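Each chain is listed here by its residues.
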Amino acid sequence: MSRPAERIWIIGASRGIGAALARLYAARGARLILSARSAAGLAQIAAEAGGAEVIALDISDPASLAEAARRVAEGGPLDRAINLAGVMEARRAGEASADAAARCIAINLSGSVDFTREALPLLRPGGQLALTGSLAAYIGLPEAQPYGATKAAIVNYAQTLAAEQRGRADIRVINPGFVDTDMTKDKDFPMPFLLRADQTAAAIARGLDGRRFEIAFPLPLLFGVRLLAALPYWASLPIIRRLKP
């Protein structure tokens, strides 16, 4: 007998990496629930994905997320819940406006915490929950705040979840490098090893099918940031200072 199609909820599916991942999973025959703020954008991706279910939400609004989760629950348990929603507010520390910083924290960090609270009860036993960090989580880079801080917090939060949920849910963290999406198009700093959204989606899908807690790529950039993070501060900080955009 063939296995039943996976039921997958993707947040941040209206464009960029989320849209690419939706197309990839649709090609695999998954039953998709696609969420983001833009209902129009979701409708377009759902059509491309062969008729996925669309539930618009604002991940920075706990009530909106709770209502979306209630609707998802009506369709039965999930095999995977993947949060790819995020914004990049990347400036010198202290230079982001209060509103911009609060928005970045609300969407990236608080949204991940609220998503986890709502999504965990929807998973089948042993189902998978994935949060999105960044290679920027490894080390504090110049002019990467508060984005980098939110991503570091997400990685820490996912580590906590993996320990707490062992045997009940399959927790993963996705740490990509630079990706060519709307979020990066207006940024003027160097972006080495820049990936397309479809390349990123393929790497994520391979990682989620595997066994590793962390899905981190591309390898050359991963090696570089891991090396910096492993060095003592007296060695790493002078190098980091020279990375100023």
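Sequence order as written defines the numbering, with residues in each chain counted from 1. Per-residue local features are limited, in this predicted model, to residues with pLDDT of at least 70; the limit for side-chain atom pairs, both in listing and counting, is 80 or more; totals at the level of whole chains, interfaces and linings are taken over all residues. With hydrogens and water set aside, each side-chain value is computed from the structure's full complement of heavy atoms.

Re the overall build of the protein chain
Okay, so step 1: Assigned secondary structure in the protein chain consists of 9 helices and 11 strands.
Okay, so step 2: With the radius of gyration taken over C-alpha atoms, the globule rule is written as 2.2 Å times the number of residues to the power 0.38. Here the C-alpha radius of gyration of the protein chain, 18 Å, is about what a compact globule of 245 residues would show, namely 18 Å.
Okay, so step 3: Across the 245 residues that make up the protein chain, the buried fraction comes to 49%.
Okay, so step 4: The contact criterion used throughout is that any non-hydrogen atoms of two residues lie within 4.5 Å. When contacts within the protein chain are restricted to residue pairs at least 6 apart in sequence, those whose partners lie at least 24 apart make up 67%.
Okay, so step 5: Only the protein chains shown count as cover for residues, and all accessible areas are computed by the Shrake-Rupley method using a 1.4 Å probe. For the protein chain, the computed accessible surface area is about 12,200 Å², with 55% contributed by carbon and sulfur atoms.
Okay, so step 6: His is not counted here, nor are the chain ends, while Lys and Arg score as positive and Asp and Glu score as negative. Throughout, a charge is located at the NZ atom of Lys, the CZ atom of Arg, the CG atom of Asp or the CD atom of Glu. When the 29 positive and 23 negative side-chain charges of the protein chain are each reduced to one mean point, those points stand 6 Å apart. Runs of H or I in DSSP of at least four residues are treated as helices and runs of E of at least two as strands, each being numbered from the N terminus. Any residue under 20% of the maximum accessible area for its type is buried, any over 50% is exposed, and the rest in between are partly exposed; the area is computed with a 1.4 Å probe on protein chains only.

Quick look at helix α2 (residues 39-48)
Okay, so step 1: Listed in full, the buried residues belonging to α2 are G41, L42, I45 and A46. Seen end-on, α2 carries its buried residues on one side only, within an arc spanning 135°. Those residues of α2 that are exposed and aimed more than 90 degrees away from the buried face are A40, Q44 and A47.
Okay, so step 2: The secondary structure elements touched by the buried residues of α2 are α1 (16-27), β2 (31-35) and β3 (53-54).
Okay, so step 3: At the exit of α2 stands G50, carrying a positive phi of roughly 85°. The arc in question is the one spanned by the directions pointing from the helix axis to the C-beta atoms.

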